[in-house]
Amino acid sequence: LMNEEIGGPSVKPYQPEGLWESATSGRGTLQKYIQDEGKDLYRRGMYTFIKRTVPPPAMLVFDASNRDQCEVRRLKTNTPLQALIMLNDPTVLEASRALADIELKQNGIEAKITDGFRRIICRKPTDEEFRILENYYQQLVVDFRADRASAIAFLNSGNAQITSEADGNFEERAALMQLINTIFNMEEAIVKS
């Protein structure tokens, strides 16, 4: 999903509703947060518009610099909020769906899991990891088949809405999206030494 364009104006990605307005003076062009759409949602963090009184929460939780001074070394913290962002943030869910859509083109669940794991973790899964992920995927498919509305709601995370049958098998697509999101949440994917 990453927009590779270099340069250009600052963008306003996803932000919790009402957060910006709760810390504003109520005047001027910055009184209301107007989220960007389309490819501007997927610009690099260096292009994100920063309001000092309301910095983007996801960037703060993952130790982005405060931009008041030059930082030679970034902090490395680990908090439960990071897990909540990785599980629920629209950006992460959309990335999970986008990668799941790529993996759906692979033949067989083994190829889907192995390639998705390799793209995120940069290695092949061990036999035990593969077995756990395959069992989890099979259970997700069963769960989403039992509650199709849940599969559709999960796939509709973020701005890119999935609305028609032409978009593919909802249950398997949602299961693969959840599986990819789980791999994104592995410690090895989040914490780099």
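Right above here is the structure, for reference.
Residues numbered from 1 in each chain as written. Predicted model: local features only at pLDDT ≥ 70, side-chain atom pairs only at ≥ 80, totals over all residues. Heavy atoms only, no water.

A.B. asks: Outline the pattern of salt bridges, supporting the account with residue identities and numerical values.
C.D. replies: Taken as a whole and assessed by the stated rule, the structure comprises 11 salt bridges. Across the pair Arg119 and Glu103 runs a salt bridge, and its minimum N-O distance is 3.1 Å. Residue Arg119 is found in helix α5 (residues 109-121), and its partner Glu103 is found in helix α4 (residues 90-103); the two are separated by 16 residues along the sequence. Of the residues examined, Glu103 reaches a relative accessible area of 0% and is grouped as buried. (Salt bridge = Lys/Arg side-chain N within 4 Å of Asp/Glu carboxyl O. Helix = DSSP H or I, 4+ residues; strand = E, 2+ residues; numbered from the N terminus. Buried < 20%, exposed > 50% of the residue type's maximum accessible area, 1.4 Å probe, protein only.)

A.B. asks: Break down the packing of aromatic side chains for me, citing the residues and quoting the values.
C.D. replies: Evaluated as defined, the whole model comprises three aromatic pairs. Taking 4.9 Å as the distance between ring centres and 50° as the angle between the ring planes, the aromatic pair formed by Trp20 and Tyr33 counts as tilted. Placement of the pair is Trp20 in helix α1 (residues 19-22) and Tyr33 in the loop between α1 and α2 (57-61), with a sequence separation of 13 residues. Here the two residues Trp20 and Tyr33 agree in accessibility, since each one is buried. Arranged with centres 6.1 Å apart and planes meeting at 20°, the rings of Phe144 and Phe154 form a pair that is stacked. With Phe144 in helix α6 (residues 127-146) and Phe154 in helix α7 (residues 148-155), this residue pair connects regions lying 10 residues apart in the sequence. Here the two residues Phe144 and Phe154 agree in accessibility, since each one is buried. Pairwise contacts between aromatic rings join Trp20, Tyr33 and Phe49 into one cluster. (Phe/Tyr/Trp six-rings, centres within 6.5 Å; stacked < 30°, edge-to-face > 60°.)

A.B. asks: Quick one: what's the story with the environment of Glu103, residue by residue and with numbers?
C.D. replies: Separated by 73 residues in the primary sequence, Glu103 and Leu30 place their C-alpha atoms 40 Å from one another. Discounting residues that sit within four places of it in the chain, Glu103 has contacts with Ala111, Lys112, Asp115, Gly116, Arg119, Leu176 and Ile180. Here Arg119 takes part through its side chain, which lies 3.1 Å from a polar atom of the side chain of Glu103. (Contact = heavy atoms within 4.5 Å. Polar contact = N/O pair within 3.5 Å; in protein donor to acceptor, adjacent residues only side chain to side chain.)

A.B. asks: I'd like to hear about the nonpolar core, residue by residue, with values.
C.D. replies: Counting 26 residues, the largest nonpolar core has Ile120, Tyr137 and Phe144 as the members making the most contacts within it. Those elements giving two or more residues to this core turn out to be α4, α5, α6, α7 and α8 (170-184). (Core = buried A, V, L, I, M, F, W, Y, C linked by side-chain atoms within 4.5 Å.)

A.B. asks: Please provide a residue-by-residue account of the packing of α5 against α8, values included.
C.D. replies: Orientation of α5 relative to α8, taken along the N-to-C sense of each, is 35°, at an axis distance of 10 Å. By crossing handedness, the relation of α5 to α8 is classed as right-handed. Taking contact as the criterion, the partners of Lys112, Ile113, Gly116, Phe117, Ile120 and Ile121 in α5 are, on α8, Leu176, Leu179, Ile180, Ile183 and Phe184. Class assignment for the residues of the contact of α5 with α8 results in nine nonpolar, one polar and one charged. (Axes fitted to C-alpha atoms, helices over the stretch in contact; angles between N-to-C directions. Left-handed = near helix turned anticlockwise from the far one by under 90°. Nonpolar A, V, L, I, M, F, W, Y, C, P; charged D, E, K, R; others polar.)

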